[in-house]
Amino acid sequence: LIEILMNNSAEIKDECFLQLIKQTRDNPYLDPNTNEWKLMAVLASYVTPSEYFIYHFLNYLNTIFTEEKFEAARIWAMFILQRTLATNKNTERMVLPLKEEIIAIEDRKKMKVEVNFMNGAREVFFIESFTTIDSLKDQIIAKYDLGEEHKLNYGIFEVCRKDDVFEETFVDDHVKILDVLSS
């Protein structure tokens, strides 16, 4: 489904989100911690509703968050709302996600990524499906107090091993980290 939506029109994406709203709205038989909420969270992590529908979608999530009697549904609504805003802000994903990434979203957890520094040190950082190289650089600069004014001096390289040869590629700041890991 993610692949179909990533490669399809805004109308198809909107229709998918509408169907999920229909499944979750005023459904007395729906456990508020069901697969419908998980699916909505996964989809909102990779694609966004159209510019014409996004405000209706966000309003629906906000209404669930403020008025729903089930705490689990309110938690899912806020989680999906935040993901929708972040995905919409940073553009949609370009590469299909890893299975571990989907599981992390369904569990409402962040993913770990290990960063290797040029001095041989390693550090684990926590990222989301919408985390860009630029935002990872912000985390690193803040953690090590490197000074925001030096941000342009730092870069992230992808290192791949092919046939006992290491290949390094500079990764642009706007690229999503999990697109790099998934490709």
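Please read all numbers here as calculations on a predicted model, not as lab measurements.

Rules behind the numbers
- Residues numbered from 1 in each chain as written.
- Predicted model: local features only at pLDDT ≥ 70, side-chain atom pairs only at ≥ 80, totals over all residues.
- Heavy atoms only, no water.
- Helix = DSSP H or I, 4+ residues; strand = E, 2+ residues; numbered from the N terminus.
- Buried < 20%, exposed > 50% of the residue type's maximum accessible area, 1.4 Å probe, protein only.
- Contact = heavy atoms within 4.5 Å.
- Core = buried A, V, L, I, M, F, W, Y, C linked by side-chain atoms within 4.5 Å.
- Phe/Tyr/Trp six-rings, centres within 6.5 Å; stacked < 30°, edge-to-face > 60°.
- Lys NZ or Arg CZ within 6 Å of the ring centre and 35° of its normal.
- Pairing = 2+ DSSP bridges.
- 1 Å grid on protein atoms, 1.4 Å probe; cavity = no way out; pocket = protein on both sides within 12 Å on 5 of 7 lines; lining within 4 Å.
- Points joined across faces, edges and corners; volume = space filled by probe spheres on them.
- Nonpolar A, V, L, I, M, F, W, Y, C, P; charged D, E, K, R; others polar.
- Salt bridge = Lys/Arg side-chain N within 4 Å of Asp/Glu carboxyl O.

(A) Examining the overall build of the protein chain more closely. Counting secondary structure elements, the protein chain contains 8 helices and 4 strands. Taken from the N to the C terminus, the helices and strands of the protein chain come in the order α-α-α-α-α-α-β-β-α-β-β-α. Taking the principal axes of its C-alpha atoms as reference, the protein chain extends roughly 55 × 35 × 30 Å. For the protein chain, the residues scored as buried account for 39% of the 183 residues in total. Within the protein chain, contacts between residues separated by at least 24 positions form 58% of all contacts whose residues are at least 6 apart in sequence.

(B) The arrangement of the nonpolar core in detail. Grouped together as the largest cluster of nonpolar side chains are 29 residues, with contacts concentrated most on F17, W37, M40, L43, F57, L61 and I80. Only α1 (2–6), α2 (10–24), α3 (35–44), α4 (54–67) and α5 (71–90) provide two or more residues apiece to this core. Listed in part, the 14 residues of the second largest apolar core include M111, V113, L136 and V180.

(C) Layout of the packing of aromatic side chains. According to the stated counting rule, one finds 5 aromatic pairs in the structure shown. On the basis of an interplanar angle of 75 degrees and a centroid distance of 5.6 Å, the ring pair of F157 and F170 is categorised as edge-to-face. Of this pair, F157 sits in strand β3 (residues 156–162) while F170 sits in strand β4 (residues 165–171), placing them 13 residues apart in sequence. Taken together, the ring pairs connect F17, F53 and F57 into an aromatic cluster. In this structure, R108 is placed above the aromatic ring of W76, and the distance from its NZ or CZ to the ring centre is 4.2 Å. The ring of F125 is capped by K143, whose NZ or CZ atom sits 5.9 Å from the centre of that ring.

(D) Here's a closer look at the pairing of β4. Judged from the 7 bridges that link them, β3 and β4 form a sheet pairing that is antiparallel. Bridged to V159 within β4 is E168. Taking the residues between adjacent antiparallel strands as the criterion, β3 and β4 are bridged by 2 residues, where D163 takes a positive phi near 50 degrees.

(E) Broad picture of the layout of surface pockets. Of the volumes computed, that of the largest pocket is approximately 850 Å³. Along the walls of the largest pocket sit 24 residues, with V115, N116, G155, I156 and F157 positioned nearest its centre. For the lining of the largest pocket, the secondary-structure elements that each account for two or more residues are β1 (111–116), α7 (133–143), β3, β4 and α8 (177–182). A per-element tally of the lining of the largest pocket places α7 first, with 5 residues. Per-class residue counts for the lining of the largest pocket are 18 nonpolar, 2 polar and 4 charged.

(F) Highlighting the environment of K176. Inspection of the secondary structure assignment puts K176 in the loop between β4 and α8. Residues K176 and V115, spaced 61 residues apart in sequence, show a C-alpha to C-alpha distance of 15 Å. Here K176 is in contact with N90, T91, E92, R93, S129, F130, T131 and T132, once residues within four sequence places are set aside.

(G) Quick look at the pattern of salt bridges. According to the stated counting rule, one finds 8 salt bridges in the structure shown. For K143, the salt bridge identified is with E123, shortest N-O distance 2.8 Å. Of this pair, K143 sits in helix α7 while E123 sits in strand β2 (residues 122–127); the two residues are 20 residues apart in sequence, bridging distant segments of the chain. Measuring nitrogen to oxygen at the nearest pair gives 2.7 Å for the salt bridge that ties K151 to D134. Linking K151 in the loop between α7 and β3 with D134 in helix α7, this pair joins segments that are 17 residues apart in sequence. Taking the relative accessible area as the measure of exposure, K151 reaches 13% and is therefore buried. A residue is classified by how much of its surface remains accessible, and D134, at 26% relative accessible area, is partly exposed.

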